[in-house]
Amino acid sequence: MVLRDVQSEYDLRNIYLKRVGVKGVRYPIVVLDKTNGTQSTIATINMYVDLPQNYRGTHMSRFIEVLNKYHLEINPKRVRDILHKLKDVLNAKRAVIEVEFPYFIKKQAPVTKSESYLEYICTFEAEIFDSRFDFLTSVVVPIHTLCPCSKEISERGAHNQRALCKVSYESKEMIWIEDIVEIVEKSASAPIFTLLKRPDEKYVTELAYDHPKFVEDVARDVALELKKYDKIKWYRVEVESFESIHAHNAYACVTSDEL
């Protein structure tokens, strides 16, 4: 029995679709780890291709078949292979993949050296259109900020809070996630830790007080450090502070185009 291929039927509406595909696919992957070689994690994956105006639909099952073929190892070369395969099997000019995953780094508390893992949310976004290949990496780093204005005008203490710094970049060659994390944490009032004992908490509290930073300060300091990397072609730095005494967040953004 031959089943009808409804997706491939001719469509009369004459509308080109830039992206069709699957979203929210939860999938086990392996990524490169600077310390341990590789790290296993769970990704949320979106995959798309373009659809010519004369086709009614795409074949959604083929996205998963391609992912299964190249499963687990995710790096720029493997992502490029996945996109080429998607173009081939779906007869497309454009193929896109977005891979978001938690990445864990073991950190030592500053005084007691107690070890614990901290989560960083990372994203790979890649696209092939005709012969052009674009690959964007994003790393979200939790940090600690202490308000310089609050410190300056207050007799006792200063308001401080957790913040997130998101660095997105295109590079000529691979850059370790750990290196981006290090840049961001050094540019904050203080880094964030999962496990702190009392001596550690004292150290981090006083470190932040001695290094007050606005979100603007963090964005600029991270940008200046990224500018030193010859490997980086383009970057964007976004800092959002979850203000402890305001009903809103503070935000700053800078891109390499503006420097």
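Use the structure listed above.
Since this is a predicted model, take the numbers as computed values, not measurements.

Rules and cut-offs
Residues numbered from 1 in each chain as written. Predicted model: local features only at pLDDT ≥ 70, side-chain atom pairs only at ≥ 80, totals over all residues. Heavy atoms only, no water. Core = buried A, V, L, I, M, F, W, Y, C linked by side-chain atoms within 4.5 Å. Buried < 20%, exposed > 50% of the residue type's maximum accessible area, 1.4 Å probe, protein only. Contact = heavy atoms within 4.5 Å. Salt bridge = Lys/Arg side-chain N within 4 Å of Asp/Glu carboxyl O. Helix = DSSP H or I, 4+ residues; strand = E, 2+ residues; numbered from the N terminus. Disulfide = S-S within 2.5 Å. Phe/Tyr/Trp six-rings, centres within 6.5 Å; stacked < 30°, edge-to-face > 60°. Lys NZ or Arg CZ within 6 Å of the ring centre and 35° of its normal.

(A) How the structure looks around the nonpolar core. Counting 62 residues, the largest nonpolar core has I45, L86 and F101 as the members making the most contacts within it. When residues no more than four places from it in sequence are discounted, the contact partners of F101 are I29, V31, T41, I42, A43, Y120, I121, C122, F124 and I177.

(B) Up close: the pattern of salt bridges. The final tally for this structure, using the stated rule, is 14 salt bridges. Between D81 and K77 there is a salt bridge; the shortest N-O distance is 3.4 Å. Note that D81 and K77 are positioned in helix α2 (residues 76-90) at a spacing of four residues, about one turn of the helix. Using a relative accessible area of 60% as the deciding quantity, one classes K77 as exposed. For D221, the salt bridge goes to K213, with nearest N and O atoms at 3.0 Å. Overall, the relative accessible area of 28% leaves D221 in the partly exposed class.

(C) The state of the cysteines, seen in detail. Counted according to the given criterion, the structure contains zero disulfides. Not part of a disulfide, C147 finds its nearest cysteine sulfur in C149, a span of 5.1 Å. Free of any disulfide, C253 has its nearest neighbouring cysteine sulfur in C165, separated by 10 Å. When its relative accessible area of 38% is taken as the criterion, C253 is described as partly exposed.

(D) Quick look at the packing of aromatic side chains. On inspection of all chains with the given rule, the structure shows three aromatic pairs. On the basis of an interplanar angle of 45° and a centroid distance of 5.3 Å, the ring pair of F124 and F135 is categorised as tilted. Of this pair, F124 sits in strand β5 (residues 115-129) while F135 sits in strand β6 (residues 132-146), and the two are eleven residues apart along the sequence. Just as F124 is buried, F135 falls in that class too. Members of the aromatic cluster, joined through ring pairs, are F101, F124, F133 and F135. In this structure, K107 is placed above the aromatic ring of F193, and the distance from its NZ or CZ to the ring centre is 4.3 Å. Cation over ring: K151 sits above Y209, and NZ or CZ is 4.4 Å from the ring centre.

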